[in-house]
Amino acid sequence: MSDFPHLLSPLELGRIEVRNRVLVSAHVPGFAVDNKPGDKYIAYHENYARNGVGLQITGGTPVHESGLLGTGGDGLWNLDDGIVAGYQALADAVHTAGGRILAQLAHSAGTVLINQPGRASWAASAIRAETTGNVSHAMTQVEIAEIVAAFGAAATRVREGGLDGVEILAAFGYLPQAFISPLTNQRQDEYGGSLDNRLRFTEELLAAVRAALGPHPILGIRIPGDEFEPGGLTLEDMKQVAHRIAAGGLIDYISVIAHTNVTHTGRSRHWAPTPAPHGLFIPLAAAIRAEVDVPVFGVGRVTTPQMAERIVADGQADMVGMTRAHICDPELVARIRRGETERIRPCVGANTCIANRYAGRPINCIHNAAVGQPGVTLAPASKQRRIAVIGAGPAGLEAARVAAERGHEVEIFEAHEHAGGQLPLWAAAPSMTEFGAIVDWRLRELERLGVAIEYHRAIEPDEIDALGADAVVIAVGSRDYVRMLAGSYALTLRSPHAVIQSPPPAERALVLNEGRGQAGLVAAEILLERGTAVEIVTSDVAVGNDLDPTVRNAWYTRLGKHGCTFTAGLAVVSADEHKVFLRNVFDESEVERDAIDLLVDWPGCHAVDDFDQLESARPCFRIGDCVAPRTLEIAIAEALHAASKI
């Protein structure tokens with residue numbers, strides 16, 4: 001008998017059955033071509049279906065030019081009949097693989113900056129969205145009717161394209177939510193004021209979509225269980241809303257998330273990164289489920305099949321979203337069915353997938369570099385070779401894993417007593433412990449593959465040829481350093497790595513956060529946990545400016561609750577005794593900080609360049625930080641690329 005009887009059981013959604021309770025919820029992978037499903041987009045969804053996902057949903061698809069979700073070509077648009085052929089190809093691929101797929105229809109309601117000649121954002125009211133600074137055009141009743149008709153026309157194209165139905169995105173501050181919420185609806189007509197009036201647009205929209213779809217296709221709606229904003233919708237409000245919508249008899253399910261994209265914090269928190277609790281929005285789904293007679297979907301950092309099984313078994317939700325978990329490991333359901341749950345690559349909540357979309361790039365994963373090659377498997381090596389990997393950091397471990405999977409004989413040499421490079425340092429921080437799973441998973445996989453790691457073995461460049469390997473992967477990483485400050489000072493000067501390894505006693509610390517990434521923030525967190533007063537200073541326009549908003553805002557929240565101070569636009573000049581002098585990079589004025597016990601300097605790292613001049617008769621591949629300090633995402637990608645070439 002399966003260990004996951006509830007999760008793997010079928011579910012009726014209206015007149016259509018899905019094969020299990022695993023959901024890959026709507027998201028935009030960035031693989032569309034000219035706003036239509038191209039080969040890669042179709043392969044991406046086909047891969048999930050082939051691996052056993054119960055239901056998957058396209059990313060938010062605008063139905064009208066006044067509510068685009070972006071102006072590039074890498075997301076789907078359902079504005080005219082040009083989308084139908086792509087839908088047909090997508091539906092055929094998913095159905096052939098045994099899956100079910102819906103189109104999510106959306107209107108961004110001013111939460112996305114369109115800002116192009118001839119286009120304007122429409123919304124329920126002329127409200128300014130913090131995320132864009134945009135004040136939208138408040139729709140007239142004629143325009144409301146136009147949008148309702150646009151949703152109906154888009155639903156017709158979904159039906160003609162052969163997809164299994166439609167999900168209406170009534171979350172994230174988008175148009176249906178923008179009408180429902182008193183936070184964004186200030187209308188004085190029959191579409192504003194009372195709940196009856198604020199629900200009118202949603203009810204008209206659902207009626208138009210159901211009429212276009214007909215009785216057979218699935219029609220669902222995604223709503224926030226709570227906006228968590230002053231003056232916004234609460235869980236009690238949403239219980240009423242959900243009850244009213246379900247009682248209308250038009251929908252087949254409700255999917256529950258939270259927050260609104262109208263505010264900075266709301267947008268970042270509905271994609272909560274580590275260390276947000278796993279299953280954080282499931283209680284909202286459970287509360288909504290108690291009020292309605294249609295299936296309810298729950299989401300929010302559900303990353304393991306064990307948690308998903310408990311959610312369904314306990315009646316908290318009828319279907320469970322595991323989207324980021326599938327981006328990390330598309331074979332998740334297949335591994336469950338094969339009894340290989342220990343082999344599931346763990347989503348650690350790094351939000352690299354989200355960060356790439358924020359930056360307008362296709363999604364990627366911090367430790368699954370194959371996301372952009374959906375369905376492509378590792379090619380077996382044409383000939384088994386002996387591969388030596390120098391360095392057991394994340395890049396070295398990944399290169400060894402991929403090479404061994406392809407059939408090579410691999411050995412790893414590590415100068416230190418543990419694997420993982422700098423990553424175990426990050427994982428020492430209270431909010432970063434999940435990152436340790438990136439290393440732990442690779443160590444388990446290498447043990448399964450029979451790959452040995454020789455610890456306390458530093459390899460020098462002149463030893464490479466003596467290893468007798470057919471090819472060598474050099475992944476020796478980088479070293480942290482601190483700058484020498486001008487002046488005569490009595491304070492303690494440390495790098496973040498030194499602080500993480502052995503936090504010195506200090507009453508007041510100043511963190512100079514000039515290097516990219518999270519090392520300075522991790523050091524600050526450890527000091528704050530020990531009772532040290534901390535100010536983080538950067539010469540950039542914001543502390544952590546290189547981080548995506550979901551991660552940066554989460555850091556601000558965590559550190560701010562411990563009393564941390566964030567100061568931008570200042571660069572260190574010198575120090576004297578326990579005083580630190582800083583310069584405003586914009587107006588050149590000087591400021592100082594007194595009574596500093598500890599100065600944590602994070603200017604970044606320097607590559608370990610010992611092998612830069614290496615001359616060897618055998619192929620050598622340098623990857624990761626030893627090439628130049630880089631993100632873990634890039635280092636893992638380089639490892640996959642190198643090991644795939646050997």
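To start, this report covers the structure provided alongside it. Bear in mind that the values here come from a model prediction, so they are computed numbers and not experimental data.

Parameters and conventions
Residues numbered from 1 in each chain as written. Predicted model: local features only at pLDDT ≥ 70, side-chain atom pairs only at ≥ 80, totals over all residues. Heavy atoms only, no water. Helix = DSSP H or I, 4+ residues; strand = E, 2+ residues; numbered from the N terminus. Rg over C-alpha atoms; globule rule 2.2 N^0.38 Å. Buried < 20%, exposed > 50% of the residue type's maximum accessible area, 1.4 Å probe, protein only. Areas by Shrake-Rupley, 256 points an atom, 1.4 Å probe, with all protein chains shown as cover. Lys, Arg positive; Asp, Glu negative; His and termini not counted. Charge placed at Lys NZ, Arg CZ, Asp CG, Glu CD. Axes fitted to C-alpha atoms, helices over the stretch in contact; angles between N-to-C directions. Parallel < 35°, antiparallel > 145°, perpendicular 65-115°, else oblique. Left-handed = near helix turned anticlockwise from the far one by under 90°. Contact = heavy atoms within 4.5 Å. Nonpolar A, V, L, I, M, F, W, Y, C, P; charged D, E, K, R; others polar. Pairing = 2+ DSSP bridges. Right-handed = clockwise from strand over helix to strand, strands pointing away. Salt bridge = Lys/Arg side-chain N within 4 Å of Asp/Glu carboxyl O. Polar contact = N/O pair within 3.5 Å; in protein donor to acceptor, adjacent residues only side chain to side chain. Core = buried A, V, L, I, M, F, W, Y, C linked by side-chain atoms within 4.5 Å.

Further remarks concern the overall build of the protein chain. Helices and strands together make up the secondary structure of the protein chain, namely 19 helices and 28 strands. Relative to the globule expectation of 26 Å for 646 residues, the C-alpha radius of gyration of the protein chain, 26 Å, shows essentially globular dimensions. Counting only C-alpha atoms, the protein chain reaches 75 × 65 × 50 Å along its principal axes. Counting only residues that meet the buried cut, the protein chain has 58% of its 646 residues in that class. If you sum the accessible surface of the protein chain, you get close to 24,600 Å²; carbon and sulfur atoms cover 49% of it. Considering the protein chain, the positive charge centre built from 56 side chains and the negative charge centre built from 78 side chains are found 4 Å apart.

Looking now at the packing of helix α6 (residues 235-247) against helix α8 (residues 282-289). One way to put it is that α6 packs onto α8 with a least axis distance of 9 Å and a crossing angle of 45°. In terms of orientation, α6 lies oblique with respect to α8. The handedness of the crossing between α6 and α8 is right-handed. Together, Leu235, Met238, Lys239 and Ala242 of α6 and Leu284, Ala287 and Ile288 of α8 make up the contact between the two elements. Among the residues forming the contact of α6 with α8, the class breakdown is six nonpolar, no polar and one charged.

A separate point is the sheet that holds strand β15 (residues 409-413). With parallel pairing, five strands are arranged side by side in an open sheet as β16-β15-β14-β17-β28. In the strand order of this sheet, the two ends are held by β16 (452-454) and β28 (620-622), each with one partner. This sheet shows a mean twist of 20° between the axes of neighbouring strands, independent of strand direction. With three bridges joining them, β15 and β16 adopt parallel strand pairing. Residue pairing in the sheet places Ile412 in a bridge with Ile453 of β16. On the sheet, helix α13 (residues 394-405) packs against β14 (386-390), β15, β16 and β17 (471-474) and is oriented at approximately 165° with respect to β15.

What follows concerns the pairing of strand β11 (residues 253-257). The element β11 is largely enclosed, with a buried count of five among its five residues. Pairing of strand β10 (residues 218-224) with β11 involves five bridges; the strand directions are parallel. Paired with Pro224 across the strands is Ile257, a residue of β11. Handedness of the β10-α6-β11 crossover: right-handed.

Throughout the structure, instances matching the rule amount to 34 salt bridges. Here Arg338 makes a salt bridge to Glu340, at a shortest N to O gap of 3.2 Å. Residue Arg338 is classed as partly exposed on the basis of its relative accessible area of 45%. Arg583 is the salt-bridge partner of Glu588, the closest N and O atoms lying 3.5 Å from each other. For Glu588, a relative accessible area of 49% gives the class partly exposed. With relative accessibility at 29%, the residue Arg583 sits in the partly exposed group. Salt bridges linked by common partners bring Asp329, Glu331, Arg335, Arg338, Glu340, Arg343, Glu405, Glu445 and Arg448 together as one network.

Among the eleven residues of helix α17 (residues 519-529), ten are classified as buried, and the element is accordingly described as predominantly covered. Taken residue by residue, α17 has Ala519, Gly520, Leu521, Val522, Ala523, Ala524, Glu525, Ile526, Leu527 and Leu528 as its buried positions. A positive phi of about 95° marks Gly531, the residue just after α17.

Turning our attention to the environment of Ser25. Within the secondary structure, Ser25 sits in the loop between β3 (22-24) and α1 (39-50). For the pair Ser25 and Gln56, spaced 31 residues apart in the sequence, the C-alpha separation amounts to 5.9 Å. Ignoring sequence-local partners within four residues, the contact set of Ser25 consists of Ile57, Arg222 and Thr323. Within the local environment of Ser25, its side chain forms a polar contact with the side chain of Thr323, the two groups lying 2.5 Å apart.

The subject of this paragraph is the nonpolar core. Among soluble globular proteins, nonpolar side chains are generally buried collectively. Formed by 105 residues in total, the largest nonpolar core has its most connected members in Leu105, Val166, Ile168, Phe201, Val209, Ile221 and Ile254. When sequence neighbours within four positions are dropped, the list of residues in contact with Ile221 reads Glu167, Ile168, Ala170, Thr202, Leu206, Ile245, Ile251, Tyr253, Ile254 and Ser255.

By themselves, these observations are geometric and do not establish any function.
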